[in-house]
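Structural features, examined
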Amino acid sequence: MADANVLHEGQETVHRHEPPKSFIRKYIFSLDHKVIGIQYLTLALVAVFVGMTLSVLMRMNLTWPDVNWPLLGTIKPEVYLSLLTIHGTIMVFFVLTTAPQGGFGNYILPIQIGADDMAFPVLNMLSFWVTLVGFIVLIAAFFVQGGAPIGGWTAYPPLSAVPSAGPGQGTGMNLWIISIAIFCVGSLLGALNFITTLLNLRAKGMSLMRMPLTCWAWFTTAVLALLAFPVLLAAGVLLFLDRNAGTSFFLPAGLYFGRDVLKNAGGSPILWQHLFWFFGHPEVYIAILPGMGATSHILSTFARKPVFGYRAMVFAIFAIGLLGFFVWGHHMFISGMSPYSAMAFSILTLAIGVPSAVKTFNWLGTLWGAKIRFTTPMLFAIGFVSLFVAGGITGLVLGQTSLDLPMHDTYFVLGHFHLVMGVAAIFGMFAGIYFWFPKMFGKMMSEKLGRIHFWITFIGVYSIFIPMHIMGIVGMPRRYAQFSDKNGQIYGFLASLHPLVLFVTVAAIITFFTQFIFLFNLVWSLFKGKKAGDNPWEATTLEWATSSPPPHDNFAGHPPVVYRGAYEFSVPGAPNDFVMQTEPDAEESGSRAQQDSSGNGHDGHKH
Amino acid sequence: MGRALGILIWLLTLGTVVLFFSGWWFPTTITEHGPQVDQQFMITIIVVAIAFVAAQIGLGYMVWRYRANAQNKDERALYTHGNNRLEVIWTVVTAVVFIGLAVMGQRVWANLRFSEAPAGSFQVEVVAQQFAWNLHYPGPDGKLGHTDPTLIDDQDNPIGLDRKDLGARDDIVGSTLVLPVNRPAELILRSKDVTHSFWVPQLRFKQDLVPGMQIHVHFTPTKVGQFQLACAELCGMTHYKMQGTLLVLPQDQLNDLMARPKDEFQSRVEELKKMYEVGAIYDEQGKTKLGMSY
């Protein structure tokens, strides 16, 4: 497109959207998906540092209980449990849901499909502000009478439904439910927007099978969010009514608290668990799928190779998304649920390992025969694969009914899910931020600091979470405020674990402080980073076909036209080792885009 | 960089494997089904280990072997979009292994959960509360008496036993779970307030106690000894020290205990507790210490 005024057939006339002039409309109540994406990322960054701080306090108490800390004092059991509850809630909702989808998805998806914004910009702005309110309400729970709730992020009733069941279960618990309900609304608005945008606003030539795998991941995540969050919202409303309106959805007859028999009757505590995990298990995939998408994208870019098995990758994302709705019962094998349904859930659970394994095989296939460039985003993407395998594979243990008898609610579970949906997902986001930072801010991040951040964090997370599996095998239950008190070790069978507990805490503290290197890199690069060109990584997808940062309407009034699949690297005979999606085929110069393109992610290069 | 990363991935893999062989493991099991659980765990962990090690070695090899460097900077990467035959092979192989494991894992589960407790099981009702365990024994009549939450008295009647009920008159309520060795035990699990979970690592057994439900479970202890009972479901402020005791006794000691007047029950239990070291395993007669379970 040498001359911007020459229009292709059917292409809209040049129509630039100018950015708003006022500071408030531009940066605060912005309708621009890029600004909203950065707002989401900033929220997640604040949230992740809060969540991490809480986890370090927890590790300190587990390792050195009853110590009178300067400034903090002694961490009492109820305080420990409130740290635990808020840590889990912040990390799952305000980090692992907010950053990969609301942050990266918002910023990158419209550009990658060649749109000038999301389908519903006002809805998009609302979804961010609603989410922010949810976060503020959650944090407020620390400052009300009784403190933050102590029932864990899973909030099982009756503990969560009866205010007298413990400190923090009064006002704090009400605020928790309100926060989660607000969050659900924000996520639903976001999900609707993602789905509509992806289906309707793709650029000319951007057939579904030419989309980057990131877009498939964000799309599937949005579908999961659309189906899962309403269930949590409904459950939250019922729980709120049980607490404040005298209903009995989750409360059976005969509950005895503080010398009184409650008047409730007819409810079931297990009903909450079904509703919660019907949301909660898809939520795991909401957290991890965008990381998988980013990893596929970044591996291919720096391997200088097309994604191995693009079509299989798309099917695997779908299979994971679909099966993800049929496995919630594996959280409930020993809950009192029917043992027959436990068996069905168990088999479905191990079946979901198959598409996960397929993804891993294809990542390895992508690296096979590659010419790997070890940039910081690539290091984190490779780290993602390693951690995803390490964390995911123990699902084979936990998914089995009989093995859940010893392993349920032990540190084995903690090690498993922290590796796979916690740090693997976080590694996906680190890969994403190092990769897309140049696009977002027009500056490169420091590679040197990035590498230091990677090496220590990678060793750190292995050191924290692998030993937890061993603790679980020995029998250490999770959610214990401490394992010894003034009279010594409480449970003799856990006594031998002390060196491991200490090791994990030291690793956690080192890893925690290492994250400040990342924070410093982020801020420093914003001001002092080397200037990034439009396409510093020599990548192929549409976000690299516009300026860094992109203009308000993303493509300066010239919607891109797509001629090929997303990952055309090292094409034999091509002048460069990457062919951008916008580059017309030499002999056909543009006409391909108008043909039906049921491509395999690589039109015209079938084997 | 590629070599360093490859080596690091291998070292982390090695470290992980070494940690699993470092001696920290399950405490010795004391139930009939325990060895089957342990066996299934071993089979699974071997599959897990093979898959984990193979994937990490493969990943480490790829980043070592296929790094871009000064020598190969003019060459291009292999141009391929995949291989359908490979996709089919690895999909089918993992499906067979994973689903095979899931099916195998049902055997122990089915034995424990698909059938009722065998006739002649020793019956105890376990009533959990924040943050204590109450054990309700049927007494000589073999019938668990009626309970009613409105009759609960925190000091004298923690489970609300209805003393007007004939079946309840000989019932014993204590704070120690006493079971006979080599006889199936049937536990009826209830909770007064919030959800708790019954967890004795040596039993290889865990089950939630859910308010509003009576959950029947069964297993057979095969070793005599005293073991700690923990709560495995977050139940409130001092969940971490909701500690109880499981005492597995030789048949004759148990018969003797149950034949005594019920007001002597707890004091006799305290005497028996002194005879068995916590965490140690004894032979069927309770005479010889076979070793520690951990």
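Residues numbered from 1 in each chain as written. Chains lettered and ligands numbered in written order. Predicted model: local features only at pLDDT ≥ 70, side-chain atom pairs only at ≥ 80, totals over all residues.

Considerations on the overall build of chain B
Regarding its fold elements, chain B presents six helices and 12 strands. For chain B, whose C-alpha radius of gyration is 26 Å, the value lies well above the compact-globule estimate of 19 Å for 294 residues. Burial statistics for chain B: of 294 residues in total, 45% are counted as buried. Sequence separation of 24 or more characterises 68% of the internal contacts of chain B that already satisfy a separation of 6 or more. (Helix = DSSP H or I, 4+ residues; strand = E, 2+ residues; numbered from the N terminus. Rg over C-alpha atoms; globule rule 2.2 N^0.38 Å. Buried ≥ 20, exposed ≤ 12 C-beta atoms within 10 Å, placed from the backbone. Contact = placed C-beta atoms within 7 Å.)

Some thoughts on the interface of chain A and chain B
Residue-level contacts link 103 residues of chain A with 91 residues of chain B. By residue number, the principal contributor to the side of chain A that touches chain B is helix H10 (residues 339–367) of chain A, which donates 15 residues. Residues that form the side of chain A that touches chain B fall into these classes: 63 nonpolar, 30 polar and 10 charged. (Nonpolar A, V, L, I, M, F, W, Y, C, P; charged D, E, K, R; others polar.)

Section: the pairing of strand E1 (residues 122–129) of chain B
Residues and elements named next belong to chain B. Within E1, seven of the eight residues are buried, which leaves it mostly tucked inside the rest of the structure. Taken together, the seven bridges between E1 and strand E5 (residues 185–191) define a ladder with parallel strand orientation. The residue bridging Phe122 from the neighbouring strand is Ala185, located in E5. For E1 and strand E2 (residues 132–137), the ladder comprises five bridges, and the chain directions are antiparallel. Looking at the pairing, Ala128 lines up with Trp133 of E2. Where E1 hands over to E2, the hairpin turn is made up of two residues, counted between the paired strands. (Pairing = 2+ DSSP bridges.)

Some remarks on helix H4 (residues 98–112) of chain A
Since the α-helix packs 3.6 residues into each turn, any two residues three or four apart lie on the same face. All names here are of chain A. Across its 15 residues, H4 extends 19 Å between first and last C-alpha, which sits within 8% of the 21 Å expected from 1.5 Å per residue. When you tally the buried positions in H4, you get 15 out of 15 residues, the bulk of the element. Phi turns positive, to about 80 degrees, at Gly114, one or two residues after H4. (Expected span 1.5 Å × (residues − 1).)

Things to note about the packing of helix H8 (residues 269–303) of chain A against H10(A)
Two quantities define a packed helix pair, namely the angle between the axes and the distance from one axis to the other. All names here are of chain A. Running from N to C, H8 and H10 point in directions that differ by 15 degrees, and their axes come no closer than 9 Å. With respect to each other, H8 and H10 are oriented roughly parallel. Handedness of the crossing formed by H8 with H10: left-handed. Of the residues in H10, those touching H8 at Met292, Thr295, Ser296, Leu299, Ser300 and Ala303 are Lys359, Trp363, Thr366 and Leu367. Broken down by class, the residue content of the contact of H8 with H10 amounts to five nonpolar, four polar and one charged. (Axes fitted to C-alpha atoms, helices over the stretch in contact; angles between N-to-C directions. Parallel < 35°, antiparallel > 145°, perpendicular 65-115°, else oblique. Left-handed = near helix turned anticlockwise from the far one by under 90°.)

Here we look at the nonpolar core
Ranked by size, the top nonpolar core spans 285 residues in total, and within it A:Ile288, A:Leu367, A:Ala424, A:Ala431, B:Val126 and B:Leu177 carry the most contacts. In terms of residue count, the dominant contributor to this core is helix H14 (residues 411–441) of chain A (21 residues). (Core = buried A, V, L, I, M, F, W, Y, C linked by C-beta atoms within 7 Å.)

With respect to the environment of A:Gly152
Here A:Gly152 shows up in the loop between helix H5 (121–140) and helix H6 (171–200). Separated by 261 residues in the primary sequence, A:Gly152 and A:Val413 place their C-alpha atoms 15 Å from one another.

Focus: H5(A)
Taking 1.5 Å per residue, 20 residues should reach 28 Å; H5(A) reaches 29 Å between its end C-alpha atoms and fits that length. Those residues of H5(A) lying buried are A:Asn124, A:Met125, A:Ser127, A:Phe128, A:Thr131, A:Gly134, A:Phe135 and A:Leu138.

Some words on the confidence of the model for chain B
Across chain B, the average pLDDT comes to 95, with 100% of residues at 70 or higher. Under the prediction, the complex receives an ipTM of 0.96, its pTM being 0.94. (pLDDT = per-residue confidence, 0-100.)

Some points on the confidence of the model for chain A
Parts of the prediction with low pLDDT should not have their coordinates interpreted in detail. All names here are of chain A. In the predicted model, chain A carries a mean pLDDT of 93, and the fraction of residues at 70 or more is 94%. For the stretch residues 1–12, pLDDT sits under 50, and the model shows nine contacts to residues farther than four places along the chain or on other chains. Across residues 589–607, confidence stays below pLDDT 50; counting only partners more than four residues off in sequence or on other chains, it has 45 contacts.

Comments concerning the sheet that holds E5(B)
Whenever strands of a sheet pair, they do so through backbone hydrogen bonds, lying parallel or antiparallel. Residues and elements named next belong to chain B. The strand order across the open sheet formed by five strands is E3-E2-E1-E5-E8, and the pairing between neighbours is mixed. Bordering the open sheet on either side are strand E3 (172–174) and strand E8 (215–219), each of which pairs with just one other strand. Averaged over all pairs of adjacent strands, the angle between strand axes in this sheet comes to 25 degrees, irrespective of strand direction. Alignment of E5 against E8, held across five bridges, turns out to be antiparallel. Its bridge partner being in E8, Ala185 is matched across the sheet by Phe219.

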